[in-house]
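The chain contents come next:
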Amino acid sequence: MATGTDPQAHARTRGVHEPSRAAIRERHLRGDRWWLAPAATAAGLLAFVVYSTWRAFADADYYAAPYVSPFYSPCVAEHCEPMRAGPNWEIVGSWWGLSPALLILIFPLGFRLTCYYYRKAYYRGFWSSPPACAVPEPRSRYTGETRFPLILQNSHRYFFYAAVLVAGILTYDTVLAFRDEHYDWGHMGLGTVVFLVNIVLIWAYTLSCHSCRHIIGGRLKHFSRHPVRYRMWGWVSRLNARHAQLAWASLVSVALADLYVYLVASGAFDDPRFF
Ligand code: FES
């Protein structure tokens, strides 16, 4: 029967069974432990999803003066904990009864979900699409990101703009971490160091974004006529080469910054002060 009239027969001739491919019986020829990387990726992402979901819905222990958890910043709901050392961002009225983190996490979450690196990571880790280089995916059909819902991945550039805004606010929070609970400058605790490391990694990850690189250096015909943009494009390109590492480092650092605030706010730990 011709494959054009039998969908199952048609599917059997796609992918690794494509007539133009070498006729081998094995599904793939990789003899190494290729499954290790996608399995580790899936485990790491799953751990973050479980932790961040618990913290996002907790609606508690996200402020320990002068630190505010990055999961809850800016805290825009009216029922946010009073943050004496920080600005008042409360713009959503009392009608919002859920955790304030849910109002803000959508932006950094959308940024990471649509990130080119994370797409590769979770497509491989969770969907086996494909599981690894030279290992075929279990499905015979491949539509890429041309249809709903994956076509929404194209919104990444807009999430980048939101992520820059959020990173700016987290930078402000880090500056405020140099004040103590009495608004006096000159405080520095272990939490200040945790926040400093986190904000450096957040900015490095954000600026290493492929969309950022294109915004800075794309659509130019002659770099020689745009020396400033060329120089910035060079910096961003160097960061971009480390995008995957920065994605993981900033994911871990933002979770650790939140965990630190949680431990201090819940009384499990006292913030050691250097001065
Ligand atoms: Fe990863 Fe933009 S490509 S953040």
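Keep in mind the model is a prediction, meaning the values are calculated, not measured.

### Considerations on the side chain of Thr-192
Now for step 1: By secondary structure assignment, the location of Thr-192 is in helix α7 (residues 190-207).
Now for step 2: Not counting residues up to four positions away in its chain, the partners in contact with Thr-192 are Tyr-67, Ala-177, Phe-178 and His-187.

### Observations regarding the packing of aromatic side chains
Now for step 1: Tallied over the full model, the rule gives 21 aromatic pairs.
Now for step 2: When the ring of Phe-48 is compared with that of Phe-71, the centres are 6.3 Å apart and the planes differ by 80°; the resulting orientation is edge-to-face. On the criterion of sequence distance, the pair formed by Phe-48 in helix α2 (residues 36-58) and Phe-71 in the loop between β2 (67-68) and α3 (101-104) is long-range, its members being 23 residues apart. Side by side, Phe-48 and Phe-71 carry an identical accessibility label, which is buried.
Now for step 3: Measuring from centroid to centroid gives 5.3 Å for Tyr-122 and Tyr-123, while their planes differ by 85°, and the two rings are edge-to-face.
Now for step 4: Site record: aromatic cluster; members linked through ring pairs are Phe-111, Tyr-117, Tyr-118, Tyr-158, Phe-160, Tyr-161 and Tyr-205.

### A few points about the nonpolar core
Now for step 1: Core analysis: the largest hydrophobic core is formed by 44 residues, its most contacted members being Tyr-62, Phe-71, Tyr-118 and Tyr-205.
Now for step 2: Elements that contribute at least two residues to this core include exactly α2, α5 (116-127), α6 (156-176), α7, α8 (210-217) and α10 (243-265).
Now for step 3: Beyond its immediate chain neighbours, meaning those up to four positions away, Phe-71 contacts Phe-48, Tyr-51, Ser-52, Arg-55, Ala-101, Ile-104, Leu-105, Val-254, Ala-255 and Asp-258.
Now for step 4: Of all hydrophobic cores here, the second largest spans eight residues; its members include Tyr-67, Ala-177, Phe-195 and Val-261.

### Quick word on the state of the cysteines
Now for step 1: The full count for this structure, using the stated rule, is one disulfide.
Now for step 2: The disulfide bridge from Cys-75 ends at Cys-80, spanning 2.1 Å between sulfur atoms. Because the torsion about its S-S bond is -95°, the bridge between Cys-75 and Cys-80 counts as left-handed. The two residues Cys-75 and Cys-80 agree in class, both being buried.
Now for step 3: For Cys-212, which is in no disulfide, the shortest distance to another cysteine sulfur is to Cys-209 and amounts to 6.2 Å.

What counts and what doesn't
Residues numbered from 1 in each chain as written. Predicted model: local features only at pLDDT ≥ 70, side-chain atom pairs only at ≥ 80, totals over all residues. Heavy atoms only, no water. Helix = DSSP H or I, 4+ residues; strand = E, 2+ residues; numbered from the N terminus. Contact = heavy atoms within 4.5 Å. Phe/Tyr/Trp six-rings, centres within 6.5 Å; stacked < 30°, edge-to-face > 60°. Buried < 20%, exposed > 50% of the residue type's maximum accessible area, 1.4 Å probe, protein only. Core = buried A, V, L, I, M, F, W, Y, C linked by side-chain atoms within 4.5 Å. Disulfide = S-S within 2.5 Å.

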